Amino acid sequence: MTDTKTQLKSAQQTMIDHDGDFADLLPLAWQNIKLSLKRMGITLWPALTSIIPVMFILVFLSNRYDLQAPAQGMLVPYTVTAETEQGGEPDWYWLNQDNMQKHKQLHWPEKTTTLTLTNGDTEVFSAPFKPVGIIHKKHWWNLLIGNPAGYLSEDSPIKQITFEFPQKTVPDWMQNYLGGWLWFYLLVTVLFSVVLMIRLKIKF
């Protein structure tokens, strides 16, 4: 990396100092391009590799801090999306919810309570609930990143169930657009990167 950087600076300076024909300048330009691409290639794979753990951290932080867990008995709006337009959303309801499906709201249960979504004949989902914004069928990326609330079965007539939870703020007294976890994470990451760059004397 250091040798490539030195060669690139030398090639750039040679182009700056060139005072001859344009035909003689083309090989220098190609040399600059090749060295620049070589330098980018050296740093590309480490950069892409370093993104992988960051992605897992972002998903964990999103699941942990993005949504606020409703209090027991709180009304939570929800939407049921069917795989086809036939037999649509109004036919599905939660058991033991006092016909709240007409209002598309769910009384949030205790942590250990199991809720069941059904149309009277078929149960499409039944599990203790966790404050996750969406329940869907299992996709390939769920092999790496799981859904804490579980999944719909592959043969389910329901495509997904979405819930409208209140957003969590960090700290609690800040407004939603300022108090989300993402700004705090980015601020800490930038500050840590700057300190690390200064301490290790990293130069670009």
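The rules we used
- Residues numbered from 1 in each chain as written.
- Predicted model: local features only at pLDDT ≥ 70, side-chain atom pairs only at ≥ 80, totals over all residues.
- Heavy atoms only, no water.
- Helix = DSSP H or I, 4+ residues; strand = E, 2+ residues; numbered from the N terminus.
- Buried < 20%, exposed > 50% of the residue type's maximum accessible area, 1.4 Å probe, protein only.
- Contact = heavy atoms within 4.5 Å.
- Areas by Shrake-Rupley, 256 points an atom, 1.4 Å probe, with all protein chains shown as cover.
- Core = buried A, V, L, I, M, F, W, Y, C linked by side-chain atoms within 4.5 Å.
- Pairing = 2+ DSSP bridges.
- Bend = angle between axes of the 7 residues up to and from the residue.
- Phe/Tyr/Trp six-rings, centres within 6.5 Å; stacked < 30°, edge-to-face > 60°.
- pLDDT = per-residue confidence, 0-100.
- Axes fitted to C-alpha atoms, helices over the stretch in contact; angles between N-to-C directions.

Some points on the overall build of the chain
Then, in step 1: In terms of regular secondary structure, the chain is built from four helices and seven strands.
Then, in step 2: Each helix (α) and strand (β) of the chain, taken in turn from the N terminus, gives the series α-α-β-β-β-β-β-β-β-α-α.
Then, in step 3: Within the chain, the fraction of its 204 residues that count as buried is 25%.
Then, in step 4: Of the contacts made within the chain by residues no fewer than 6 positions apart, 57% connect residues no fewer than 24 positions apart.
Then, in step 5: As displayed, the chain offers around 14,500 Å² of accessible surface, 61% of which is attributable to carbon and sulfur atoms.

Some words on the nonpolar core
Then, in step 1: Formed by 20 residues in total, the largest nonpolar core has its most connected members in Trp94, Leu117, Phe125, Ile161 and Phe163.
Then, in step 2: Elements with a contribution of two residues or more to this core: strand S1 (75-82), strand S4 (114-118), strand S5 (123-128) and strand S7 (158-163).

What to know about the pairing of S7
Then, in step 1: Sheet topology note: the S1/S7 ladder contains five bridges and is antiparallel. Each residue of the ladder has a partner; that of valine 80, found in S7, is isoleucine 161.
Then, in step 2: Of the pairings in the sheet, the one linking strand S6 (residues 134-136) to S7 comprises three bridges and is antiparallel in character. Bridging across to S7, isoleucine 134 finds its partner in threonine 162.

Digging into the pairing of S1
Then, in step 1: Here S1 shows a clear split, with Val76, Tyr78, Val80 and Ala82 buried on one side and none of Leu75, Pro77, Thr79 and Thr81 buried on the other.
Then, in step 2: Pairing between S1 and strand S3 (residues 105-107): three bridges, direction antiparallel. Counterpart to valine 76 in the pairing with S3 is leucine 106.

Some thoughts on helix H2 (residues 22-65)
Then, in step 1: Bending of H2 peaks at approximately 30° at the position of leucine 44, with proline proline 46 no more than four residues after it.
Then, in step 2: For H2, the complete set of buried residues consists of Leu28, Asn32, Leu35 and Leu61.

Focus on the packing of aromatic side chains
Each aromatic ring pair is specified by the distance between its two centres and by the angle formed by the two planes.
Then, in step 1: Considering all chains together, one arrives at two aromatic pairs under this definition.
Then, in step 2: Seen in terms of ring centroids, tryptophan 140 and tryptophan 141 are 5.7 Å apart; in terms of plane orientation they differ by 80°. Their pairing is edge-to-face.

Comments concerning the environment of threonine 79
Then, in step 1: In this fold, threonine 79 is placed in strand S1.
Then, in step 2: C-alpha of threonine 79 to C-alpha of isoleucine 161: the two residues are 82 residues apart in sequence and 5.7 Å apart in space.

A few points about the confidence of the model for the chain
Then, in step 1: In this model, the chain carries an average pLDDT of 76, and 83% of its residues clear a pLDDT of 70 or more.
Then, in step 2: Within the chain, S6 carries the highest mean pLDDT (86), whereas helix H3 (residues 176-179) carries the lowest (56).

Examining the side chain of histidine 136
Then, in step 1: With respect to the helices and strands, histidine 136 occurs in strand S6.
Then, in step 2: Apart from residues lying up to four places away in sequence, histidine 136 is in contact with Asn142, Asn147, Gly150, Tyr151, Leu152, Lys159 and Gln160.

Let's talk about the sheet that holds S6
Then, in step 1: Taken in spatial order, the four strands line up as S3-S1-S7-S6 in an open sheet, and their pairing is antiparallel. If you trace the sheet from one side to the other, it starts and ends with S3 and S6, each paired once. On average, each strand axis in the sheet is inclined to that of its neighbour by 30°, with strand direction left out of account.

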